[in-house]
Amino acid sequence: MNSAIHVFKFGGASVKDAKAVLNVVDIIQKHDQTNLIVVVSAMGKTTNKLEAIFNSFIKKDKETYFKYTKELKIFHVDIIQGLFKGDALNEINEVINTVFNDITSFYEKNENENRSYLYDQLIPYGEMLSTKIIQHCLKQSGVRSSWLDAQKCIKTDSHHQNANVDWKRTEKEINKCLNQIFTNKRVVVSQGFIGSNNNGDSTTLGREGSDYSAGIFAYASNAKEVIIWKDVPGMLNADPKYFEDTIKLEQISFKEAIELSYYGASVIHPKTIKPLQNKNIPLYVKSFVHPEKKGTIIQKRTENDDAIPSFIFKKNQVLFSIMPKDFSFLIEENLSDIFLKLSQIQVQINIMQNSALSFSFLMDDKSEIVSRIKEALENSYMVKYNTNLELVTIRHYDQQTIDFVTKDKEILLEQKTRSTARFVLGQKDVTTNTFKEV
Ligand code: ASP
């Protein structure tokens, strides 16, 4: 391959209806189409809908399964009717019918097989549909393009729903496929989020994993740059849902981007940065609404990282406090026992702290989790919890930013390093902040 490779990633919001798809085609048309890889997610909220279909499959609730499947089909048919006419419409309609026939026959599968495996056999249909539609639309607009099955080239282990990439094989397979397509001077259209294992079974890389796929394609092909197209102007210093006056970060380092996504900034999937950092491939986050604007650049240089404080909010948090029943000190042994039990029920800890007699940890308040944690720990420990809290992280804080986020709030736990301050906050109302016995 002689000229530099570029990777674009378009998420669900950028292809949520016919008008949005045309905008994507327009962005691609205006770009140099030599050696361009376009990675696309499922359209709009398709993956959520497929998860709802999957849940009704598990419950063997046939009526809901087919009701949701029909709704999802109507959603896609509406989109193609807004994009194609005549023979082109018939052609893509047939493609969509084939996918929905597969979704229909999926219902007959044995629901008692491994759940994550089954999930990975159903959910990728969202990306299959979106990429088929986009590629047909590009073709109709005169853009030479080829549809590439990501399952052929992104090779993973069998850790279903959160598969690990086999980098060596993936690199080899991606380059094999790209060589062919690029020799014919075509744009590559492929799916985000999905891959396959050694048996050829579908695997997925974790929800919102399409950014990561873009990183994988870029790494394997030694791309010059990646652009993630979003509905925001770039990476902002806070979620506009919680902040009125957000500031766009012009330039941050790979390291800072990893820190921000680790603490919960939701603009980029956390796994995306590593492959890019490893090969020093810059990542741009740009607006698909204003493609002419600059966006944010994420690259090696760190000198701008502390220019603007960033705020990351996690709402609906539950804080647990665990004490050994016999009043023994919390030493490594108890801690390893606690961690083992928590990892067995797949608890993801957002922040933790321990004292002589108690271990506290904070997590997203998901249904049934309180009772599952109680079951796992109640024999040896006293377990208390506290709901309705929020976790606020400030990167590059000062006293003013701390005062701003903690104003009128009760601080239940705080941790500071030189660059990061984190607070678990409750309402300033003593009764709701009291620990409840499980
Ligand atoms: N479609 C997948 C999801 O919604 C992957 C992605 O959009 O990144 O999680």
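Predicted model, so just to flag it, every value in this text is computed and none were measured.

Time to look at unusual backbone geometry. Of note in this structure, K185 is not a glycine but carries a positive phi near 55 degrees. Within the secondary structure, K185 sits in the loop between α8 (167-183) and β4 (187-191). Despite not being glycine, F193 has its phi angle at roughly 80 degrees, a positive value. For F193, the position within the fold is in the loop between β4 and β5 (194-196). When its relative accessible area of 3% is taken as the criterion, F193 is described as buried.

An ideal rise of 1.5 Å per residue puts 18 Å on 13 residues; helix α2 (residues 46-58) measures up with 18 Å between its terminal C-alpha atoms. Along α2, the positions that sit buried rather than exposed are T46, T47, L50, I53, F54, S56, F57 and I58. Looking at the buried side of α2, the elements it contacts are α3 (62-83), α4 (86-106), α5 (115-122) and α6 (125-140). Two residues or fewer past α2, K60 is found with a positive phi of approximately 55 degrees.

Another aspect to go through is the packing of aromatic side chains. In total, this model carries 22 aromatic pairs according to the counting rule given. Centre to centre, the rings of F57 and Y107 are 6.4 Å apart; their planes meet at 80 degrees, and the pair counts as edge-to-face. With F57 in helix α2 and Y107 in the loop between α4 and α5, this pair connects stretches of sequence that are 50 residues apart. The same class applies to F57 as to Y107, namely buried. Residues F320 and F361 carry aromatic rings whose centres are separated by 5.2 Å and whose planes lie at 15 degrees to one another, so their mutual orientation is stacked. Taken together, the positions of F320 in strand β11 (residues 310-324) and F361 in strand β13 (residues 359-364) put the pair 41 residues apart, joining distant regions of the chain. There is no split in this pair, since F320 and F361 are both buried. By the ring-pair criterion, three or more aromatic residues cluster together here, those being F54, F57, Y65, F66, F106, Y107 and Y119. Over the ring of Y107 we find K60, and its NZ or CZ is 3.9 Å from the ring centre. Its end group placed over the ring of Y219, K279 keeps NZ or CZ at 4.1 Å from the ring centre.

This part takes up the pairing of β11. A large share of β11 lies buried, amounting to 12 of its 15 residues. Pairing between β11 and β13: 6 bridges, direction antiparallel. Pairing of L319 across the sheet is with L362, part of β13.

Rules used in this analysis
- Residues numbered from 1 in each chain as written.
- Predicted model: local features only at pLDDT ≥ 70, side-chain atom pairs only at ≥ 80, totals over all residues.
- Heavy atoms only, no water.
- Helix = DSSP H or I, 4+ residues; strand = E, 2+ residues; numbered from the N terminus.
- Buried < 20%, exposed > 50% of the residue type's maximum accessible area, 1.4 Å probe, protein only.
- Expected span 1.5 Å × (residues − 1).
- Contact = heavy atoms within 4.5 Å.
- Phe/Tyr/Trp six-rings, centres within 6.5 Å; stacked < 30°, edge-to-face > 60°.
- Lys NZ or Arg CZ within 6 Å of the ring centre and 35° of its normal.
- Pairing = 2+ DSSP bridges.

Bear in mind that shape data such as this cannot, by itself, settle questions of function.
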